[in-house]
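Take a look at the letters that make up each chain.
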Amino acid sequence: MFVTKLSANRIVKIIVVLTLAIAFGIAFPPNASSETKLPFPRPKSIEPNVDFWVDVFTKYSDHDFVVVDRDNVSRIYHVFHLPGDGQPMRTDIDWANEYLKIKYSDILNRLASRPPADDEEREVAAMFKGESPSAYAAAAQNLRVQEGLREQFHDGLLRSRYYVPTMERIFRNAGLPPELVTLAHVESGFHGASRSSAGAVGIWQFTRDTGKHYMRITRYHDDRLNPERETLAAAKLLRSNYDTLGDWPLAITAYNYGTGGVARAAGIYGGDYCQMVQHYQGPHFGFAVKNYYAEFLAALQVHRDEDKYFPGIEDEPSIRPAPIKTDFAPKRSRKSRVCHTHRASSKTHHSKKTVAQQT
């Protein structure tokens, strides 16, 4: 009887200890683990994409145009260097993009119907060893020309020094890994006045519709231009994405594609990020969306070891951003002020006259 009771007591104690261990394990490690082990997995299937973006951020200049396959960025057909000094003009960029797409589309279509005829064609054909001729025709429709971003990323690193301490504090307070602020490199290069063709504004590139859920945005005021307020908004959106989707690859992709869109896409593949990126063909789910998480991982890699990729950058002065106004109500013209003053003066004079007459 005594032995039986003792065993039961031990069992009860073990259950209590295990319950407490589980409870404390659930309650505390998330914050600690975000400091010691980053919660951002690097699936083997996207490693070529991460490597590609590291090169785009650090190896290729704004005069380098890389011709790649959209779905297989390790297949690099050519790196074209645009001659000249200074940042290329928009017309130069458009010309390079069109020229390279036409050139390599023609090469691939020729290879689909006949053997390679020169060294350039043989070099391309070697990338398709063992594949059928139809692979060339498919690849001709899948070309992308990516401009290098070395200069932009370098300057973004210098700008980020001004913002990162405050941003990391805000993210920690929101229960987010502080390293997540590196996403701003992908969004804008920490450029506070950044504006996209889609109407996204600020360091965190909120569109007007999304931004209104988290900030005050009116005709004459825009919190998207306030770095602290837009960072608070980004933290809330990323926290919401993570709570909804359950992991960071999906949550980060949702920052670009939208929470609902990623939830629908991921749901088809049982929440598997890699399967989603590889197979989903939904509307607007293109190159930028498929590479967004890989870009973040590449930016994080460069940011954490910036002196390796940009030797001597630690000794360079930070770029202090110019102040940006969030209020921009139109100023009243001098003529309008004069007219207003005249009307006020007449009204006062009329009032005095009335009083005099009454007297």
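Predicted model, so just to flag it, every value in this text is computed and none were measured. Along each chain, the written sequence defines residue order, and numbers are assigned to residues from 1. Totals for whole chains, interfaces and linings use every residue, but because this is a predicted model, local features are given only for residues with pLDDT of at least 70 and side-chain atom pairs only at 80 or more, for both listing and counting. Side-chain metrics rest on all non-hydrogen atoms present in the structure, leaving aside hydrogens and water.

Engineer: How should the sheet that holds strand β3 (residues 143–147) be read in this particular structure?
Structural biologist: Hydrogen bonds between backbone groups are what pair the strands of a sheet, and the pairing can be parallel or antiparallel. For two strands to be treated as a pair, DSSP must find no fewer than two bridges joining them. The secondary structure listing takes helices from DSSP runs of H or I that are at least 4 residues long and strands from runs of E that are at least 2 residues long, numbered from the N terminus. Pairing in this open sheet of three strands is antiparallel, and the strands run β2-β1-β3 from one edge to the other. At either margin of the open sheet sits one strand with a lone partner, and together these are β2 (72–81) and β3. When the angles between neighbouring strand axes are averaged without regard to direction, this sheet yields 30°. Here six bridges tie strand β1 (residues 64–69) to β2, and the two strands are oriented antiparallel to one another. Paired with V67 across the strands is H78, a residue of β2. Here an angle of 0 to 180 degrees is reported between the N-to-C directions of two axes, which are lines fitted to C-alpha atoms, with helices fitted over the stretch in contact.

Engineer: Mind showing me how you'd approach unusual backbone geometry here?
Structural biologist: Leave glycine aside and you will find that most residues have negative phi; peptide bonds, for their part, are mostly trans. Notably, F190 is not glycine yet its phi reads approximately 60°, a positive angle. Locating F190 in the fold gives a position in the loop between α8 (183–187) and α9 (208–211). Residue classification places F190 among the buried residues on the basis of a relative accessible area of 1%. With a phi close to 50°, Q205 is a non-glycine residue in the positive phi region. Relative to the elements of secondary structure, Q205 occurs in the loop between α8 and α9. Exposure classes here rest on a 1.4 Å probe applied to the protein chains alone. A residue is buried below 20% of its type maximum, exposed above 50%, and partly exposed in between. The exposure class assigned to Q205 is buried, which follows from its relative accessible area of 13%.

Engineer: Would you explain the pattern of salt bridges in this entry?
Structural biologist: Where charged atoms from two side chains of opposite charge approach closely, those side chains can pair. Salt-bridge detection follows one rule: a side-chain nitrogen of Lys or Arg within 4 Å of a carboxyl oxygen of Asp or Glu. Going through the model one piece at a time under the given rule, you end up with twelve salt bridges. In this structure, R75 engages E131 in a salt bridge whose closest nitrogen and oxygen atoms are separated by 2.9 Å. Linking R75 in strand β2 with E131 in the loop between α5 (119–125) and α6 (134–140), this pair joins segments that are 56 residues apart in sequence. For R75, a relative accessible area of 12% puts it in the buried group. Its relative accessible area of 40% is what places E131 among the partly exposed residues. When the shortest N-O distance is used, the salt bridge between E306 and R161 registers 3.7 Å. Of this pair, E306 sits in helix α15 (residues 306–309) while R161 sits in helix α7 (residues 150–173), and the two are 145 residues apart along the sequence. Overall, R161 belongs to the partly exposed group, its relative accessible area being 25%.

From the geometry alone we can't say anything about function, so treat these as descriptive.
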